[in-house]
Amino acid sequence: VAWEEQAEDRYNVVLLGVQKVEFGKATHERPYQQAPVRLLQDRLPESPDVSHRLQRILTETARTLLTVQGQSEEQVDQMMSTTEAMPMEVVTNWACFLLNIEPATKQSLLELDDVALRCDQITRLMAGRIEAMSKSAPTAPPVTAPSRLN
């Protein structure tokens, strides 16, 4: 999608894709640069039950966050309608993009290979946002995030 040349023959490259990759050293053997690319695999929980439970807690927390942020019920339902059919790692990454956090923090979350850990950390950040937003709106009834696994 975008690139920026850095010092010492390095580049920042922004791509839009469905899987993480790692770039090898670029070569200048042709009129354009080439680099080997290796697909990186996420580590999913071994138990499908654990995956489903973590994903359910994450999506419930995301729903609460979107509601607290002022999204209408119709908008939230529309956003959430497809998450049940998505793989856990896709839902987890989607939830990360909902968070208004520093890019470096978001990047470090997305780089975690362990999807359960990434999911838990994103859920905790969302729950913290929900709590902070609920406290800053004293006239609104308290909103609680769904319980999560410890």
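Criteria and cut-off values
Residues numbered from 1 in each chain as written. Predicted model: local features only at pLDDT ≥ 70, side-chain atom pairs only at ≥ 80, totals over all residues. Heavy atoms only, no water. Salt bridge = Lys/Arg side-chain N within 4 Å of Asp/Glu carboxyl O. Helix = DSSP H or I, 4+ residues; strand = E, 2+ residues; numbered from the N terminus. Buried < 20%, exposed > 50% of the residue type's maximum accessible area, 1.4 Å probe, protein only. Pairing = 2+ DSSP bridges. Patch = residues over 30% accessible without salt bridge, like charges linked within 9 Å, V, L, I, M, F, W, Y side chains within 5 Å. Areas by Shrake-Rupley, 256 points an atom, 1.4 Å probe, with all protein chains shown as cover. Core = buried A, V, L, I, M, F, W, Y, C linked by side-chain atoms within 4.5 Å. Contact = heavy atoms within 4.5 Å. 1 Å grid on protein atoms, 1.4 Å probe; cavity = no way out; pocket = protein on both sides within 12 Å on 5 of 7 lines; lining within 4 Å. Points joined across faces, edges and corners; volume = space filled by probe spheres on them.

### Describing the pattern of salt bridges
Think of it this way: side chains of opposite charge can pair up when their charged atoms draw near. Summed over the entire model, instances satisfying the criterion amount to nine salt bridges. With a closest N to O distance of 3.1 Å, lysine 20 and aspartate 42 form a salt bridge. Of this pair, lysine 20 sits in the loop between strand S2 (10–14) and strand S3 (21–23) while aspartate 42 sits in the loop between strand S4 (37–39) and helix H1 (48–68); the two residues are 22 residues apart in sequence, bridging distant segments of the chain. The class of lysine 20 is partly exposed, set by a relative accessible area of 22%. Owing to a relative accessible area of 24%, aspartate 42 belongs among the partly exposed residues under this scheme. For aspartate 120, the salt bridge identified is with arginine 124, shortest N-O distance 2.7 Å. One end of the pair is aspartate 120 and the other is arginine 124, both in helix H5 (residues 115–136) and four residues apart, which spans about a single turn.

### Re the pairing of S2
Relative to S2, strand S1 (residues 2–6) runs antiparallel, the two sharing five bridges. When the bridges of S2 are listed, glutamate 4 appears paired with asparagine 12.

### Brief notes about a nonpolar patch on the surface
On the surface, a nonpolar cluster with roughly 690 Å² of combined accessible area is contributed by Trp3, Val13, Leu15, Val21, Phe23, Val37 and Leu39. Looking at the nonpolar patch, the elements that each hand over two or more residues are S3 and S4. Position of tryptophan 3 relative to the elements: it lies in strand S1.

### Quick look at the nonpolar core
If you look at the biggest cluster of nonpolar residues, it comprises 22 residues, and the most contacted ones within it are Leu58, Leu99, Ile122 and Met126. Counting residues per element, this core draws most heavily on H5, which supplies six residues. Setting aside chain neighbours within four positions, we find isoleucine 122 in contact with Leu58, Thr92, Ala95, Cys96, Leu99 and Leu109.

### As for the layout of surface pockets
Empty space left among the atoms is revealed by rolling a probe the size of a water molecule over them. Computed from the structure, the largest pocket encloses a volume of approximately 1,400 Å³. Along the wall of the largest pocket there are 29 residues; nearest its centre are Leu15, Gln19, Lys20, Gln107 and Leu110. At the level of elements, S2, S3, helix H3 (88–98) and helix H4 (103–110) are the ones that each hand at least two residues to the lining of the largest pocket. Broken down by element, the lining of the largest pocket gets its largest block of residues, five residues, from H3. Considering only enclosed or pocket space, the second largest pocket measures out at about 510 Å³ in volume. As for the second largest pocket, its lining consists of 16 residues, of which Tyr11, Val13, Gly24, Ala26 and Gln33 are closest to the centre. Of all the secondary-structure elements, those providing two or more residues to the lining of the second largest pocket are S1 and S2. The dominant element in the lining of the second largest pocket, judged by the number of residues it contributes, is S2, at four residues.

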